[in-house]
Each structure stands twice: as C-alpha cells, then as structure tokens.
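Given next are the chains, with one letter for each unit.
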Amino acid sequence: MSSRIQLLSIDFDGTLVSHAREPALDRQCMETIRDLQNAGATWAINSGRSVDLLESGLANFEIPIRPDFILTTERDVFRPGRNGDNWEAFGDWNDQCARDHAELFSSAQPVLAEVIDFVTHETRARLIYDSDRLEGLAAENEEEMEHIAKFIEEARAGHPKFDYQRNGIYLRFCHADYHKGAALAELARLIGVSRDNIFAAGDHHNDISMLNGKVAAMPSCPANAIPEVQTAVRNAGGYVAEREHGAGVHEALRYFAELKELNS
C-alpha cells in the first residue's frame with residue numbers, strides 16, 4: 001500500500017471498537033492496518049484505558065493484530081516488553097509524568113477540595129479513587145457531566161495546570177501538559193516520525209488533543225464522533241467519515257492513502 005502514513009494513533013473504545021453494534025470490529029479496517037504495518041507503518045492504540053484494561057479489551061474483542069505501541073490512561077507510553085513482559089515504559093516519559101502528577105495533586109488540594117464538595121453535595125455523581133488518591137468521577141448522565149465540567153473550569157481558573165479528560169459520563173483529573181496528543185507527540189519523537197506522517201482517529205472529548213492538527217497532520221473521526229470532535233477535525237483540515245466506528249476509520253485511512261497515491 002502506497003501511503004505517507006508512518007504512524008497511526010487510533011482510539012480504542014467507540015473508534016476502533018463498536019460497543020453499539022455487531023460485529024464490534026470492522027474487518028476491512030483491521031486488514032488495512034495490517035497492510036500499513038507490513039509496509040512499515042507503526043500502529044499505536046491511544047486509549048483512556050489502563051494497560052491491564054486495554055490488554056483485556058484486545059483479548060475480549062479478539063483484535064487480530066498486535067499494536068506496535070500502546071498509549072494508556074491518556075498519558076503513558078509503552079512499548080513491547082523485552083524481558084517476557086507484555087509492555088514496558090518507553091523512555092523516561094512515564095516517570096516524569098508520574099512526578100508531575102504527584103506534584104500537581106499536592107499543590108492543587110484546594111481545587112480538589114472544592115470539586116469534592118461540589119460533587120458530593122450538588123450532584124449524584126460518583127467519585128472514583130485509586131488507592132487513597134482521587135482519580136476522577138462518573139456522572140449519572142451527559143447533562144450532569146456538562147454541569148460538573150463547567151464547575152471545574154471555574155474552580156481551576158487559578159490553577160491552570162490542574163485539568164481533566166472526559167469521555168462520556170467519565171472524567172479523569174490530570175496535569176494539563178499530559179493528554180493523548182502529548183503522549184502521541186512523545187512517541188513520534190522517540191521513533192522519529194514527523195507530524196506530516198501521522199494519522200490519528202478518535203471520537204470523544206479526550207481525543208481532541210490528538211485531532212486538532214498540532215500533532216497529527218492527518219486527523220480523522222468516525223461518523224459517531226461527538227460534534228466537538230467533528231468540528232476539531234474539520235478545523236484541522238482532517239477527514240470526518242460517513243461511516244461509524246471501525247468502518248469510519250477504514251474510510252479515513254483509505255482517504256489519506258489515496259490522497260498520497262494521487263499526489264505521488
């Protein structure tokens with residue numbers, strides 16, 4: 001396959017995989033990814049899932065090919081393990097990310113206290129903890145999530161490094177410098193791929209940082225993407241597919257591959 005795509009960054013849930021219809025995977029999409037890999041391209045799954053949850057997803061949905069890298073929890077970068085492990089940290093990015101988050105959550109305690117008080121007394125959302133640290137929350141519905149997000153935007157005004165990533169009714173607190181776009185940029189730096197040769201696909205709020213044109217010159221989204229994502233992709237000169245989920249990713253891959261063939 002002739003293509004300028006050297007690195008693919010694809011969201012997992014709602015983009016590569018459909019939870020709304022069967023089959024969950026689009027066969028042509030997976031075949032195209034395999035063809036691109038065989039031609040020398042690198043495939044990374046860029047997900048909000050943790051390593052363990054992503055591994056279970058790969059198994060449960062019977063993903064027929066292995067990604068070359070995984071970018072997890074909207075921040076960390078992993079490569080295949082060399083000592084029998086499935087995945088290992090790539091470079092020192094994950095350690096720096098962990099340090100910056102520890103410092104952030106220490107300095108942002110007053111903001112977190114405000115958010116906890118608001119969520120506890122003014123909403124029906126559920127706070128989510130990782131050990132003893134507040135990780136995020138789950139709202140009852142999208143409307144409640146909008147209400148909570150607006151409050152957080154006001155509360156974080158004096159602490160701009162305190163941020164969040166949201167996907168549907170779920171929200172994760174994070175450092176503003178770490179997101180899917182930043183993780184993708186770090187992977188691209190480590191493997192020596194330029195922005196012009198990066199394809200990205202996603203469907204929700206937490207994907208916008210890799211779809212706004214800053215990191216990937218070929219941003220795309222399936223038809224099921226939320227309006228904010230579709231707008232970001234269009235504004236970046238990307239491709240909004242007519243089909244949903246994996247079929248939409250396949251459509252976008254063919255679009256950019258064919259553009260290369262026409263221009264070659």
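Structure's up top.
What counts and how
- Residues numbered from 1 in each chain as written.
- Predicted model: local features only at pLDDT ≥ 70, side-chain atom pairs only at ≥ 80, totals over all residues.
- Heavy atoms only, no water.
- Phe/Tyr/Trp six-rings, centres within 6.5 Å; stacked < 30°, edge-to-face > 60°.
- Buried < 20%, exposed > 50% of the residue type's maximum accessible area, 1.4 Å probe, protein only.
- Helix = DSSP H or I, 4+ residues; strand = E, 2+ residues; numbered from the N terminus.
- Pairing = 2+ DSSP bridges.
- Right-handed = clockwise from strand over helix to strand, strands pointing away.
- Contact = heavy atoms within 4.5 Å.
- Axes fitted to C-alpha atoms, helices over the stretch in contact; angles between N-to-C directions.
- Parallel < 35°, antiparallel > 145°, perpendicular 65-115°, else oblique.
- Nonpolar A, V, L, I, M, F, W, Y, C, P; charged D, E, K, R; others polar.

Enquirer: I'm lost on the packing of aromatic side chains in this one. Help?
Expert: By convention here, two paired aromatic rings are described through the distance between centres and the angle between planes. This model, assessed by the stated rule, comprises eight aromatic pairs. Among the aromatic residues, ring-to-ring pairing joins Phe199, Tyr239, Tyr255 and Phe256 into one connected group.

Enquirer: Quick question: what am I supposed to make of the pairing of strand β11 (residues 218-221) here?
Expert: Remark: a regular strand shows side chains that alternate across the two faces of the sheet. Burial along β11 is two-sided: Met218 and Ser220 facing one way and Pro219 and Cys221 facing the other are all buried. With two bridges connecting them, β11 and strand β12 (residues 239-240) associate as parallel partners. Note on β12: the bridge partner recorded for Cys221 is Val240. Between β11 and its parallel partner β12, the chain crosses via helix α7 (residues 227-235), and the hand of that crossover is right-handed.

Enquirer: Just to check I follow, could you spell out the environment of Asn46 for this structure?
Expert: For Asn46, the position within the fold is in strand β2 (residues 42-46). Asn46 sits in the buried class, given a relative accessible area of 0%. Taking the C-alpha atoms as reference, Asn46 lies 33 Å from Glu122; in sequence the two are 76 residues apart. Setting aside anything within four residues of it in sequence, one finds Asn46 in contact with Ser9, Ile10, Asp11, Phe12, Leu71, Lys180, Leu184 and Met210.

Enquirer: Is there a simple way to think about the packing of helix α3 (residues 93-107) against helix α4 (residues 109-122) in this case?
Expert: Any two packed helices are characterised by the angle at which their axes cross and by the distance between the axes. In contact at an axis separation of 5 Å, α3 and α4 are set at 70 degrees when each is read in the N-to-C sense. One finds that α3 runs roughly perpendicular with respect to α4. Contacts between α3 and α4 pair Phe105, Ser106 and Ser107 from the former with Gln109, Pro110 and Leu112 from the latter. Along the lines of polarity and charge, the residues of the contact of α3 with α4 split into three nonpolar, three polar and no charged.

Enquirer: When you look at the pairing of strand β4 (residues 76-80) in this model, what are you seeing that I'm missing?
Expert: Burial of β4 is extensive: four of the five residues sit out of reach of the surface. One ladder, built from three bridges, connects strand β3 (residues 69-72) with β4; its direction is antiparallel. Looking at β4, one finds that Leu71 is bridged to Val77. Linkage of β3 to β4, two consecutive antiparallel strands, is achieved through a turn of three residues, within which Thr73 is found at a positive phi near 45 degrees.

Enquirer: Looking at this structure, how should I read the sheet that holds strand β10 (residues 198-201)?
Expert: Backbone hydrogen bonds hold the strands of a sheet together, and the pairing may be parallel or antiparallel. Taking strand neighbours across the sheet as the criterion, the eight strands line up as β5-β4-β3-β2-β1-β10-β11-β12 in an open arrangement whose pairing is mixed. A single partner strand is all that each edge strand has here, and the edge strands are β5 (87-89) and β12. As paired elements, β10 and β11 share three bridges and run parallel to each other. Paired with Ala200 across the two strands is Pro219, which belongs to β11. Against the sheet, helix α2 (residues 51-60) makes contact with β2, β3, β4 and β5, and its axis sits at roughly 125 degrees relative to β3, the strand it touches most. Helix-sheet contacts for α3 involve β4 and β5, and the interaxial angle to β4 is about 155 degrees.

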